[in-house]
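Structure assessment
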Amino acid sequence: RIVVLDFGSQTAQLIARRVREQNVYCQILRHDIAADRIAELNPKGIILSGGPSSVYVDGAPKCDPKLFELGIPVLGICYGMQLVCAALGGKVDNTPSREYGRANCTIRNNESLFRDLNGDIEVWMSHGDQISSVSEVFEPLAQTSTCPYAAIAHRTLPIFGMQFHPEVTHTPQGGQILKNFVIDICGCEGTWQLGDFAQAAIDHVRQLVGDRRVICGLSGGVDSSVVAALLYKAIGPQLSCILIDNGLLRKDEQAMVIREFGDHFKTDLHVVDAEEQFMATLEGISEPQEKRRRIGYAFIDCFKAEATKIKDAHFLAQGTLYPDVIESGADPDGPAATIKLHHNVGGLPDELGFELIEPLRDLFKDEVRQLGLELGLPESLVWRHPFPGPGLAVRCLGEVTREKLQVLREADSIVVEEIINAGLYRETSQSFAVLLPVQSVGVMGDARTYDNAIAIRSVKTDDFMTADWSRLPYDLLARMSTRIINEVAGINRVCYDISSKPPATIEWE
Ligand code: XMP
């Protein structure tokens, strides 16, 4: 395996993902983990991630310097490279020539790290600090016009650094560079599969749980279904599932989840009809974060009430993915800004006194899907577009009412149905309707209307951290628009959202 030490931001996960694409198991660890502990794990290589800090600032995250003495190959990326230099001889400066974006990188030594790469390659830079000088122990491997030490190698130890980011798609040859490190330099075999992850996770859960009971919240989404499938494989009848119908689900969703449950997990299922409670707590509330917060609390209340009925429960399983973790700022390992409150992270276990199991915490969405297939879930479930925990409430802008939800639900089902009919469901990552709190004038028959508008949102993304709007065919948009206006009472206008993320987010609230 390879270990990645996480110094913050999103780079650690991206690196891990690229390493796994080389079929090498990769684990992310806290940046300050002791070198002795790393030695126990016996990885074949260590990657130090980038991060938002500056190495010369007080309190900047550091690694245990003894890890450079383990004899295990080390690759420092961006901030990680600066740490390597700070530890082994080099000077880091906040240079006037900050570099953000694409740069041309000239390779000076195409052995080891840059094997099979020649001349100039395009790389992605994102740094304010850079190495201004290195001691004699390092050999410069590559440079850009403003960065004399774009990549370096230690002359006697298997220690490397690069200022640019090989893990991002904007460094087209980044995969090859990481492969050179992981396979050639570290000597990994490249035979690891996601199925191995599944087996390891199942074994881990079985061992952890013993003969105790686990509760799992089901939402009908991919993540919770995959968690349930994994747990069911591990502990079978010791699993109890709870589905809270908060009245914010999509059309026919409760029935569909129950049907699927019956097909795949023949264990204890509790369905809670909690629409009343959620509507009551949302009454008169229009501020998005407050809506999320209230939905979160109501969810905890409902879940708690149901969970306490399950007598011998000890664990709570959640389908938290890594993007949820970093976007909530809930990652204990690193600094990250809170962008939106995700109600499915935190809260519940503390409230309930359960021990938490989050088997998907290290995975990206596409890996979860692959895992679902490995576990035998059907494609229709595995490829279902994600749906946020707060449900239609964050797509019903402003105050949420039953009437508005009904309108939104109908419009949404038309959007999804048309996307499926056009054969574009798999090609888009998320397609849905948003009900805008805007009224506009229209004319239907001979009558003037003053009704609401629906926005169609359809995006394409790999990891949900960045996304681009889908270039849907005009005639498909036309069909959606005609159907929504004709079939959904209360809507007289349909718009198409053409914003990418960032700066917009996928959801509207
Ligand atoms: P944004 O809107 O932040 O969404 O670009 C990124 C992805 O996350 C989903 N999302 C959520 N998922 N609980 C969830 O489980 C939430 O509170 C939540 N908010 C957004 C969103 O649908 C998209 O897939």
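Residues numbered from 1 in each chain as written. Predicted model: local features only at pLDDT ≥ 70, side-chain atom pairs only at ≥ 80, totals over all residues. Heavy atoms only, no water.

Let's talk about the pattern of salt bridges
Counted under the stated rule, the structure contains 27 salt bridges. One salt bridge connects Glu 21 with Arg 17, and the closest N-O pair in it is separated by 3.9 Å. Separated by four residues within a single helix, Glu 21 and Arg 17 lie in helix H1 (residues 11-21), roughly one turn from each other. With a closest N to O distance of 3.3 Å, Asp 312 and Arg 213 form a salt bridge. Taken together, the positions of Asp 312 in the loop between helix H9 (288-307) and strand E13 (313-317) and Arg 213 in strand E10 (residues 213-218) put the pair 99 residues apart, joining distant regions of the chain. On the basis of relative accessible area, Asp 312 is assigned to the exposed category, the value being 51%. Residue Arg 213 is classed as buried on the basis of its relative accessible area, which comes to 16%. (Salt bridge = Lys/Arg side-chain N within 4 Å of Asp/Glu carboxyl O. Helix = DSSP H or I, 4+ residues; strand = E, 2+ residues; numbered from the N terminus. Buried < 20%, exposed > 50% of the residue type's maximum accessible area, 1.4 Å probe, protein only.)

What to know about helix H4 (residues 174-185)
The terminal C-alpha atoms of H4, which comprises twelve residues, lie 15 Å apart, in line with the 16 Å expected from a rise of 1.5 Å per residue. Taken as a whole, H4 has its buried residues at Gly 174, Ile 177, Leu 178, Asn 180, Phe 181 and Val 182. Packing partners of the buried residues in H4 comprise strand E1 (2-6), H1, strand E3 (45-48), strand E4 (74-77), strand E6 (120-134) and strand E9 (159-162). (Expected span 1.5 Å × (residues − 1). Contact = heavy atoms within 4.5 Å.)

Concerning the side chain of Gln 430
Within the element layout of this structure, Gln 430 appears in strand E15 (residues 430-444). For Gln 430, a relative accessible area of 5% puts it in the buried group. Within the local environment of Gln 430, its side chain forms a polar contact with the backbone oxygen of Pro 386, the two atoms lying 3.0 Å apart. Each residue touching Gln 430, except ones within four places of it in the same chain, is listed here: His 385, Pro 386, Phe 387, Arg 395, Arg 457, Ser 458, Val 459, Phe 464, Ile 506 and Glu 507. (Polar contact = N/O pair within 3.5 Å; in protein donor to acceptor, adjacent residues only side chain to side chain.)

Overview of the UniProt feature "binding site: ATP" (unreviewed entry) in the chain
Under the UniProt annotation, the feature "binding site: ATP" (unreviewed entry) is placed at Ser 219, Gly 220, Gly 221, Val 222, Asp 223, Ser 224 and Ser 225. When the annotated set is filtered for residues lining the second largest cavity, what remains is Gly 220 and Ser 225. The class for Asp 223 is buried, based on a relative accessible area of 14%. Excluding residues that lie within four positions of it along the chain, Asp 223 makes contacts with Gly 319, Leu 321, Leu 360, Lys 365 and Val 368. For Ser 224, the position within the fold is in helix H6 (residues 222-235). Leaving out residues up to four positions away in the same chain, Ser 224 has contacts with Cys 216, Gly 217, Leu 218 and Ser 219. (UniProt positions renumbered as here; feature names shortened; annotations may be inferred. 1 Å grid on protein atoms, 1.4 Å probe; cavity = no way out; pocket = protein on both sides within 12 Å on 5 of 7 lines; lining within 4 Å.)

Overview of the packing of helix H8 (residues 275-282) against H9
Two elements in contact, H8 and H9, have axes whose closest approach is 10 Å; the angle formed by their N-to-C orientations is 150°. The chirality of how H8 crosses H9 is right-handed. Note on element contacts: H9 touches H8 through Lys 291, Arg 294, Ile 295, Ala 298, Phe 299, Asp 301 and Cys 302, opposite Gln 277, Phe 278, Thr 281 and Leu 282. For the contact of H8 with H9, a count of residues per class yields six nonpolar, two polar and three charged. (Axes fitted to C-alpha atoms, helices over the stretch in contact; angles between N-to-C directions. Left-handed = near helix turned anticlockwise from the far one by under 90°. Nonpolar A, V, L, I, M, F, W, Y, C, P; charged D, E, K, R; others polar.)

As for the environment of Thr 171
Position of Thr 171 relative to the elements: it lies in the loop between E9 and H4. Separated by 50 residues in the primary sequence, Thr 171 and Ile 121 have C-alpha atoms spaced 8.2 Å apart. Thr 171 has contacts with Glu 122, Val 123, Trp 124, Phe 164, His 165 and Pro 166, leaving out every residue within four places of it along the chain.

Here we look at the pairing of E9
Neither face of E9 is exposed, since Ile 159 and Gly 161 on one face and Phe 160 and Met 162 on the opposite face are all buried. With four bridges joining them, E4 and E9 adopt parallel strand pairing. Bridge assignment links Ile 77 to a residue of E9, and that residue is Met 162. The pairing of strand E8 (residues 151-154) with E9 spans three bridges and is antiparallel. Residue pairing in the sheet places Ile 152 in a bridge with Gly 161 of E9. Connecting the antiparallel pair E8 and E9 is a turn made up of four residues. (Pairing = 2+ DSSP bridges.)

Details of the side chain of Ser 225
Positionally, Ser 225 belongs in helix H6. Sequence-distant contacts of Ser 225, that is, excluding residues within four places in its chain, are made with Leu 218, Gly 220, Phe 265, Leu 377 and Leu 381.

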